[in-house]
Structures are given as C-alpha cells and as structure tokens.
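Chain by chain, the residues:
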Amino acid sequence: MVTTILRLPTVKARTGLSRSPIYLRVSQGRFPAPISLGDRAVGWIEAEVNEWLTKNIEASRKSANGGQA
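Presented here is an overview of the structure given in this document.

Each value, and the rule that gives it
- Residues numbered from 1 in each chain as written.
- Predicted model: local features only at pLDDT ≥ 70, side-chain atom pairs only at ≥ 80, totals over all residues.
- Heavy atoms only, no water.
- Core = buried A, V, L, I, M, F, W, Y, C linked by side-chain atoms within 4.5 Å.
- Buried < 20%, exposed > 50% of the residue type's maximum accessible area, 1.4 Å probe, protein only.
- Helix = DSSP H or I, 4+ residues; strand = E, 2+ residues; numbered from the N terminus.
- Expected span 1.5 Å × (residues − 1).
- Arc of directions from axis to C-beta.
- Phe/Tyr/Trp six-rings, centres within 6.5 Å; stacked < 30°, edge-to-face > 60°.

## Description of the nonpolar core
By size, the foremost hydrophobic cluster in this structure holds 10 residues: Leu 6, Leu 8, Val 11, Leu 17, Ile 22, Phe 31, Trp 44, Val 49, Trp 52 and Leu 53. Sort the elements by how many residues they give to this core and helix α3 (residues 46-64) lands first, with three residues.

Okay, here's the thing in structure tokens:
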C-alpha cells in the first residue's frame, strides 16, 4: 500500500479551506492532524483528508435534505 503525503497547498485546494481554518480544525480535533516531515515541514495523509472530505459531504447532504439520505 502506498501512502501519499499532501502538503498544505494541496490540502487547501482540495478542501477549499485556507491555512488558519485548517489549523483551527486540527486543534479542535475536527480535521486530520498533520505529520512531521522534518524540522519545519508537515504534511497530511491523503487517505485521512479524503475520509474527512467524504464525511463532510455526507453530513452536508443529510442536513440539506432535512436529515434524510
């Protein structure tokens, strides 16, 4: 299994969020935490970001449909 690491610009592009909201959600436990790639570099595991996106899409659809799927 190959694990792909996404850097911040890619995470921002995929989620539509800017840097501050991403890190705020990380601190609140509402977004996957980044992993350290070195002294001053972090990245996110692609599968975790994709899972977060899927869950948010599903939650958005449910709330838009009055809780009906």
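Here the narrative resumes, following the displayed structure.
## Details of α3
For α3, with 19 residues, the first-to-last C-alpha span of 27 Å sits near the 27 Å given by 1.5 Å per residue. Among all positions in α3, only Val 49, Trp 52 and Leu 53 are buried. Taken around the axis of α3, the buried residues stretch over an arc of 100 degrees, which confines them to a single face. In α3, the exposed positions that point more than 90 degrees away from the buried face belong to Lys 55 and Arg 61.

## Some details on the packing of aromatic side chains
The final tally for this structure, using the stated rule, is two aromatic pairs. For the pair Tyr 23 and Trp 44, a centre-to-centre distance of 5.8 Å together with 65 degrees between the ring planes defines the contact as edge-to-face. Within this pair, whereas Tyr 23 is found in helix α2 (residues 19-28), its partner Trp 44 is found in strand β3 (residues 42-45), the two being separated by 21 residues in sequence. Between the aromatic rings of Phe 31 and Trp 52, the centroid separation amounts to 4.7 Å while the plane-to-plane angle is 70 degrees, which identifies the pairing as edge-to-face. A residue pair is termed long-range when its members are at least 10 positions apart, and Phe 31 in the loop between α2 and β2 (35-36) and Trp 52 in helix α3 qualify at 21 residues. Grouping residues by exposure puts Phe 31 and Trp 52 together as buried.

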